[in-house]
Amino acid sequence: MVRLCATLLMCLLSSLISVHAAPGLHSHWSVGYHEMTFLDPLDLQPMRAIAFYPSSDKDHTSKLEGYTVEASEDARVAIGRFPMLMLSHGNVGTPLALHDLATSLARKGFVVVAVIHPGDNSKDHSRLGTLSNLYGRPLQISEAITATLGDAMLAPFVNADQVGVIGYSAGGETALILSGATPDLDRLRRYCQERPDDRDACNTQGELIVDRDDLQPVADPRVHALLLMAPLSLKFGRHTLADVHVPVLLYSGDGDKLVAFDKNAAALARKLPIAPDFKLLAGAGHFVFMAPCNEEQIIVMPALCTDADGVDREDIHRNLISEAGRFFSHALGKPSRAGMQTADQ
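Residues numbered from 1 in each chain as written. Predicted model: local features only at pLDDT ≥ 70, side-chain atom pairs only at ≥ 80, totals over all residues. Heavy atoms only, no water.

Colleague: I'd like a description of the pattern of salt bridges, backed by residues and values.
Modeller: Evaluation of the coordinates by the stated rule reveals 20 salt bridges. Note that Asp 186 and Arg 189 form a salt bridge whose closest N and O atoms lie 2.5 Å from each other. With Asp 186 and Arg 189 both in helix α5 (residues 185-194), this residue pair falls three residues apart, about one helical turn. Overall, the relative accessible area of 39% leaves Asp 186 in the partly exposed class. Judged by relative accessible area, Arg 189 falls into the partly exposed class, the value being 28%. Salt bridges sharing partners connect three or more residues here, namely Glu 194, Arg 195, Asp 262 and Lys 263. (Salt bridge = Lys/Arg side-chain N within 4 Å of Asp/Glu carboxyl O. Helix = DSSP H or I, 4+ residues; strand = E, 2+ residues; numbered from the N terminus. Buried < 20%, exposed > 50% of the residue type's maximum accessible area, 1.4 Å probe, protein only.)

Colleague: Give me the packing of aromatic side chains: which residues, what numbers.
Modeller: Two measures describe an aromatic ring pair: the distance that separates the ring centres and the angle between the ring planes. For the structure on display, the rule yields six aromatic pairs. The interplanar angle of 45° and the centroid separation of 6.4 Å between the aromatic rings of Tyr 33 and Phe 52 together place this pair among those described as tilted. You can see Tyr 33 sitting in strand β1 (residues 30-39) and its partner Phe 52 sitting in strand β2 (residues 46-55), a full 19 residues away along the chain. In this structure, Tyr 33 and Phe 52 share a single accessibility class: buried. For the pair Tyr 251 and Phe 289, a centre-to-centre distance of 6.3 Å together with 80° between the ring planes defines the contact as edge-to-face. Taken together, the residues Tyr 251 in strand β10 (residues 248-253) and Phe 289 in the loop between β11 (277-281) and α7 (295-300) connect sequence positions 38 residues apart. No difference in accessibility class separates Tyr 251 from Phe 289, as the two residues are buried. (Phe/Tyr/Trp six-rings, centres within 6.5 Å; stacked < 30°, edge-to-face > 60°.)

Colleague: Break down the state of the cysteines for me, citing the residues and quoting the values.
Modeller: Two cysteines form a disulfide when their sulfur atoms are joined by a covalent bond. Applying the stated rule across the entire model yields two disulfides. Residue Cys 192 pairs covalently with Cys 202 via a disulfide, S to S 2.0 Å. When the S-S torsion is -90°, as for the bridge of Cys 192 with Cys 202, the disulfide is left-handed. Residue Cys 192 is located in helix α5, and its partner Cys 202 is located in the loop between α5 and β9 (223-229); the two are separated by 10 residues in the primary sequence. A relative accessible area of 6% places Cys 192 in the buried class. There is a disulfide in this structure between Cys 293 and Cys 305, and the S-S distance comes to 2.1 Å. Since a negative S-S torsion denotes a left-handed disulfide, the Cys 293-Cys 305 link at about -85° is left-handed. Placement of the pair is Cys 293 in the loop between β11 and α7 and Cys 305 in helix α8 (residues 302-305), with a sequence separation of 12 residues. Its relative accessible area of 21% is what places Cys 293 among the partly exposed residues. (Disulfide = S-S within 2.5 Å.)

Colleague: Help me get a handle on the nonpolar core, residues and values and all.
Modeller: Within the largest apolar cluster, 60 residues are counted, with the highest numbers of intra-cluster contacts made by Met 86, Val 113, Val 115, Leu 176, Leu 226, Leu 228 and Leu 241. A total of seven residues in this core trace back to one element, the largest contributor, which is helix α3 (residues 131-149). Apart from residues no more than four positions distant in its own chain, Val 113 is found in contact with Met 36, Ala 49, Ile 50, Ala 51, Met 84, Leu 85, Met 86, Leu 87 and Thr 148. Core analysis: the second largest hydrophobic core is formed by 42 residues, Ala 97, Phe 110, Ala 230 and Phe 327 among them. (Core = buried A, V, L, I, M, F, W, Y, C linked by side-chain atoms within 4.5 Å. Contact = heavy atoms within 4.5 Å.)

Colleague: Describe in detail the environment of Asp 120, supporting the description with residues and values.
Modeller: Within the secondary structure, Asp 120 sits in the loop between β7 (111-116) and α3. Using a relative accessible area of 0% as the deciding quantity, one classes Asp 120 as buried. If we ignore the near neighbours within four places in the chain, the residues touching Asp 120 are His 89, Gly 90, Asn 91, Val 92, Gly 93, Leu 128, Asn 133 and Arg 137. A distance of 2.7 Å separates a polar side-chain atom of Asp 120 from the backbone nitrogen of Val 92. (Polar contact = N/O pair within 3.5 Å; in protein donor to acceptor, adjacent residues only side chain to side chain.)

Colleague: If you had to explain unusual backbone geometry to someone new, which residues and values would you point to?
Modeller: If you check the backbone angles, Ser 169 has positive phi at about 60° while not being a glycine. As for its placement among the helices and strands, Ser 169 is situated in the loop between β8 (158-168) and α4 (170-178). The phi dihedral of Gln 205 falls on the positive side, at around 55°, and the residue is not glycine. Taking the relative accessible area as the measure of exposure, Gln 205 reaches 61% and is therefore exposed.

Colleague: An account of the side chain of Asp 198 is needed here, citing residue identities and associated values.
Modeller: Along the chain, the position of Asp 198 falls in the loop between α5 and β9. One buried charge, Asp 198, has no salt-bridge partner; the nearest side chain with opposite charge is Arg 195, at 6.2 Å. Within the local environment of Asp 198, its side chain forms a polar contact with the side chain of Tyr 191, the two groups lying 2.5 Å apart. Beyond its immediate chain neighbours, meaning those up to four positions away, Asp 198 contacts Tyr 191, Asn 203 and Leu 258. (Lys, Arg positive; Asp, Glu negative; His and termini not counted.)

Colleague: Requested: an account of the sheet that holds β2, with residues and values cited.
Modeller: Spatially, the nine strands line up as an open sheet ordered β5-β1-β2-β7-β6-β8-β9-β10-β11, and their pairing is mixed. The sheet terminates laterally at β5 (72-73) and β11, the two strands that pair on one side only. Across five bridges, the pairing between β10 and β11 is parallel. Paired with Leu 250 across the strands is Phe 278, a residue of β11. Packed on one face of the sheet, α4 meets β6 (82-88), β8 and β9 and runs near 140° to β8. Sitting on the sheet, helix α9 (residues 313-332) is in contact with β6, β8, β9, β10 and β11, with an inclination near 165° to β9. (Pairing = 2+ DSSP bridges. Axes fitted to C-alpha atoms, helices over the stretch in contact; angles between N-to-C directions.)

Written out as structure tokens, the structure reads:
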């Protein structure tokens, strides 16, 4: 009788465990990518974004614009409602330079939408140094959020209430505007008088080209968390950051020779109304946040691939990916099955 009771108890516990576990989501997926095209809000011309998302298909590697990316085009989307992260790249850059961060976060259960900013990317510099670029980039990210929420393939699997932004370099400036910051152009002028040799920030001598006088900084209330890496943030003072009330994970290297650490990340960390989680990387330069390079890339673009002695880019990225996953899961919430009707979609 005792043995029979024990057997029945074990069966009951096993049944309860299986019922409890059934609704759970995987903690690890493969990665798919999906190309999106929508209209640039500045001129209504087509612009692009690449969405990386959790997939239930097998792992696959693809070549994307010269980068080897661990993702498969239009693979089956994993079942769930996933937080959405918008990725804004640096001036004249490409979001694919951060492909390892995007795919790793997708594997953890995020939809990462990598936006290619028109007029300010690796193939098109036509808006560099203009007001339309400063104020247009946040509008483009907002449009990408809307486009993703309306995309026939991705919309059923993203959560409109769980949106964050990843901003690298000038993308950090974009992310701050989206969260309520207002650029102060006088700060740029003063900075360029003080440091005229800063060829990155002061390529127009501190005067932005007024190609549009009808644009203003526009925040997006859908944005609830920011990851900033080596952010260009010198245009923001304490009072112009007063409306930023979202959690921020902030990374910078104190060896950054391109975006001055003291006037950007370090100053930003002091001035944000909610203290960020600030990770300072000793000796690291500006390009350490780009994905570790392969042998071919090291030969072709050594300046972007070579770090200072003692700086381990691969180790930095392992920690960055882990911290970013934890940060966004805490700030936005984890994936869920809310609204999902079947596991056969």
